[in-house]
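Okay, here's what each chain looks like letter by letter:
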Amino acid sequence: MIASLEVKRMTDEELVRLYVDNQSNRYFEHLYSRYSDKVYRKCLMFTKDPVKAEDFTHDIFLRLIMRLSSFKEQSRFSTWLFSITYNYCTDQMRNNRKKAEVPVDDEMDWLDDDADEDLIEMEAGRLKSALAYLTMEEQSLLLMKYQDEVSIKEIADIHNLSESAVKMRLKRAKEKLKKRYLETLIFLTLLVAKFVAWAKFDK
């Protein structure tokens, strides 16, 4: 039997292989311990409801335990799990016919030096507002690329798309995001100008 300390040091992929081969819960429990909080926080970004986020997390791990044997290691385990998480949350929010809040961290830490300059230059508050006008699929695609740092190849493998198709969808999503951002910025500028003009007239 493998010692507990040795199990803790194993990679995600090694734990998956051992679980599939032995069906021992201890290996799955280690995966759950590593990722349950991360999955919960991603669910919470979509739902803005702690209770619903817990339910989503529970359902996602139930799905995961049934699908572990289908993990082919074409991508990192974390990438595969987060894609399941995004797809599940997107489906649930669509089925409930509720418009989710923009599923991004308040600090917008995912806009780092590796992200496109157009996105970096956008002010975080207005960017969050603009993201809400994208489809759930477009939001998920951007988050996988820029928040979870999933490569184009991995996204393509997960969604059974060509790399060029992923790049095109990302390009279109960024264009829609930038357009909405600029529309919001222009509206606020006009609103401020109108308020200043009214203030001067009132004097």
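Residues numbered from 1 in each chain as written. Predicted model: local features only at pLDDT ≥ 70, side-chain atom pairs only at ≥ 80, totals over all residues. Heavy atoms only, no water.

**Section: the pattern of salt bridges**
- Tallied over the full model, the rule gives 6 salt bridges.
- Lys171 is paired through a salt bridge with Glu175; the nearest N and O atoms lie 2.6 Å apart. Of this pair, Lys171 and Glu175 both sit in helix H10 (residues 163–202), separated by 4 residues, roughly a single helical turn.
- Owing to a relative accessible area of 44%, Glu175 belongs among the partly exposed residues under this scheme. (Salt bridge = Lys/Arg side-chain N within 4 Å of Asp/Glu carboxyl O. Helix = DSSP H or I, 4+ residues; strand = E, 2+ residues; numbered from the N terminus. Buried < 20%, exposed > 50% of the residue type's maximum accessible area, 1.4 Å probe, protein only.)

**Here's the deal with the confidence of the model for the chain**
- Averaged over every residue, the pLDDT of the chain is 76; the share at 70 or more is 69%.
- A low-confidence stretch, residues 98–102 (pLDDT under 50), is modelled with 15 contacts involving residues beyond four sequence positions or located in other chains. (pLDDT = per-residue confidence, 0-100. Contact = heavy atoms within 4.5 Å.)

**What about helix H9 (residues 152–159)?**
- Burial in H9 covers these residues: Ile152, Glu154, Ile155 and Ala156.
- Immediately beyond the C-terminal end of H9, within one or two residues, lies Asn160, with a positive phi of roughly 55°.

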